[in-house]
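Descriptive structure summary
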Amino acid sequence: MKNIEDLFCFRRSTRKFREDPIPDEAIRKIIDAGLTAPLAMGNDKTTHITVVQNREVLEAIRKCCMKESRKAPGKMLDSLYGAPAFIILSVADVSDDHIEYCDVACVIENMILEATNLSLGSCYIWGCLRKLRKSPETMAKLCIPEGYEILSAMVCGYPEKPLEAREKKSRITVNMI
Ligand SMILES: Cc1cc2nc3c(=O)[nH]c(=O)nc-3n(C[C@H](O)[C@H](O)[C@H](O)COP(=O)(O)O)c2cc1C
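Residues numbered from 1 in each chain as written. Predicted model: local features only at pLDDT ≥ 70, side-chain atom pairs only at ≥ 80, totals over all residues.

1. Here we look at the overall build of the protein
From N to C terminus, the protein includes 6 helices and 6 strands. Traced from its N-terminal end to its C-terminal end, the protein shows the element sequence α-α-β-α-β-β-β-α-β-α-α-β. Here the protein has a C-alpha radius of gyration of 17 Å; the compact-globule value for 177 residues is 16 Å, and the two agree. Overall, the C-alpha framework of the protein stretches about 45 × 40 × 35 Å when taken along its three principal axes. Considering the protein as a whole, with its 177 residues, one finds that 28% of them fall into the buried category. Relative to all contacts within the protein whose residues are 6 or more apart in sequence, the contacts with residues 24 or more apart total 82%. (Helix = DSSP H or I, 4+ residues; strand = E, 2+ residues; numbered from the N terminus. Rg over C-alpha atoms; globule rule 2.2 N^0.38 Å. Buried ≥ 20, exposed ≤ 12 C-beta atoms within 10 Å, placed from the backbone. Contact = placed C-beta atoms within 7 Å.)

Spelled out as structure tokens, the structure:
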């Protein structure tokens, strides 16, 4: 168990994974971390987590979510980076103020920090979700509850190289009053 400051230093977006599956106990811990996240009042009843580890379904998602390389135009890349687990956050209703996007970000960050605690790599996934939503064939494989909309996702798995602590130089500005 790392302390919280270590978790912040070790967490990074991992974009190269080993194929090995994640042990059930680790997946359970990651989900449990997500379940303890703060949510806007009442939204625990309308938030859903889908954990995809089935190789066939992962392959279908990969196929529909390929993205073109910025460095090498024409070359298609795996938006899931070869990860053995794809975790999707969906909600029943997006309200006018879009607060549900905040909810799912809290859930995902909790899961990402627990993954880091277990020395697993992870990455928030957003960019490819539009393609996923537009593919009824792939969506059908995900068994998202009726009326729910996918808002965010993450990938997770053993990183190709072990996670290393780093000092992150953030460009977020801070004002102390
Ligand atoms: C809301 C959100 C959406 C993101 N979407 C993607 C994505 O679709 N694909 C990806 O590779 N990384 C995605 N990221 C990861 C960011 O690119 C990454 O956090 C940022 O570059 C900082 O790097 P670090 O996570 O290693 O500190 C996303 C992060 C956030 C918070």
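2. Side note on the pairing of strand S6 (residues 149-157)
Of all 9 residues in S6, 7 are buried; the element is thus mostly enclosed. Of the pairings in the sheet, the one linking strand S4 (residues 85-91) to S6 comprises 7 bridges and is antiparallel in character. Bridge pairing in S6 places Ser90 opposite Ile150. Sheet topology places strand S5 (residues 121-125) next to S6; 5 bridges connect them, and they run antiparallel. Paired with Gly121 across the two strands is Gly157, which belongs to S6. (Pairing = 2+ DSSP bridges.)

3. Some points on the nonpolar core
Counting residues in hydrophobic clusters, the biggest one holds 32 residues, and the most contacted among them are Ala85, Phe86, Ile87, Met111, Met154, Val155 and Cys156. If near-sequence neighbours (up to four positions away) are discounted, Val155 is found in contact with Leu80, Tyr81, Ala83, Ala85, Phe86, Ser122, Cys123 and Ile125. (Core = buried A, V, L, I, M, F, W, Y, C linked by C-beta atoms within 7 Å.)

4. A word on the site of the ligand
Taken together, the neighbourhood of the ligand is formed by Arg12, Ser13, Arg15, Cys123, Tyr124, Ile125, Trp126, Gly127 and Lys168. In terms of residue class, the shell around the ligand is built from 4 nonpolar, 2 polar and 3 charged. (Near = placed C-beta within 6 Å. Nonpolar A, V, L, I, M, F, W, Y, C, P; charged D, E, K, R; others polar.)

5. Let's talk about the packing of helix H2 (residues 24-35) against helix H4 (residues 99-117)
Following both chains from N to C, one finds H2 and H4 inclined at 145 degrees, their axes separated by 7 Å at the closest point. Like other packed secondary-structure pairs, H2 and H4 cross with a definite hand, here right-handed. For the pair formed by H2 and H4, the contact residues are Lys29, Ile30, Ala33 and Gly34 on the first element and Val107, Asn110, Met111, Leu113, Glu114 and Ala115 on the second. Per-class residue counts for the contact of H2 with H4 are 6 nonpolar, 2 polar and 2 charged. (Axes fitted to C-alpha atoms, helices over the stretch in contact; angles between N-to-C directions. Left-handed = near helix turned anticlockwise from the far one by under 90°.)

6. Section: the sheet that holds S4
Read across the open sheet, the 4 strands follow the order S1-S4-S6-S5; overall the sheet is antiparallel. Looking at which strands have only one partner, the edges of the open sheet turn out to be strand S1 (47-52) and S5. The mean inter-strand angle of the sheet, taken between neighbouring strand axes irrespective of direction, is 20 degrees. As judged from the 6 bridges shared by S1 and S4, these two strands associate in the antiparallel manner. Within the sheet, the bridge partner assigned to Val51 lies in S4 and is Ile87. The strands that H2 touches are S1, S4 and S6; relative to S1, the one it contacts most, it runs at about 165 degrees.

7. Notes on H4
Residues separated by three or four positions in an α-helix point in the same direction, a consequence of the helix having 3.6 residues per turn. The first and last C-alpha atoms of H4 sit 28 Å apart over 19 residues, in line with the 27 Å expected at 1.5 Å per residue. Within the sequence span of H4, burial applies to Glu100, Asp103, Val104, Val107, Ile108, Met111, Ile112, Glu114, Ala115, Thr116 and Asn117. Contact partners of the buried residues in H4: helix H1 (4-10), H2, S1, S4, S5 and S6. Following H4 by one or two positions, Ser119 has its phi on the positive side, about 65 degrees. (Expected span 1.5 Å × (residues − 1).)

8. Side note on the environment of Cys156
Relative to the elements of secondary structure, Cys156 occurs in strand S6. C-beta crowding within 10 Å serves as the criterion here: with 28 such atoms nearby, Cys156 is assigned to the buried category. Separated by 59 residues in the primary sequence, Cys156 and Asp97 have C-alpha atoms spaced 30 Å apart. The contact partners of Cys156, leaving out residues within four places of it in the chain, are Ile22, Ile30, Ala83, Ala85, Ile87, Ala115, Leu120, Gly121 and Ser122.

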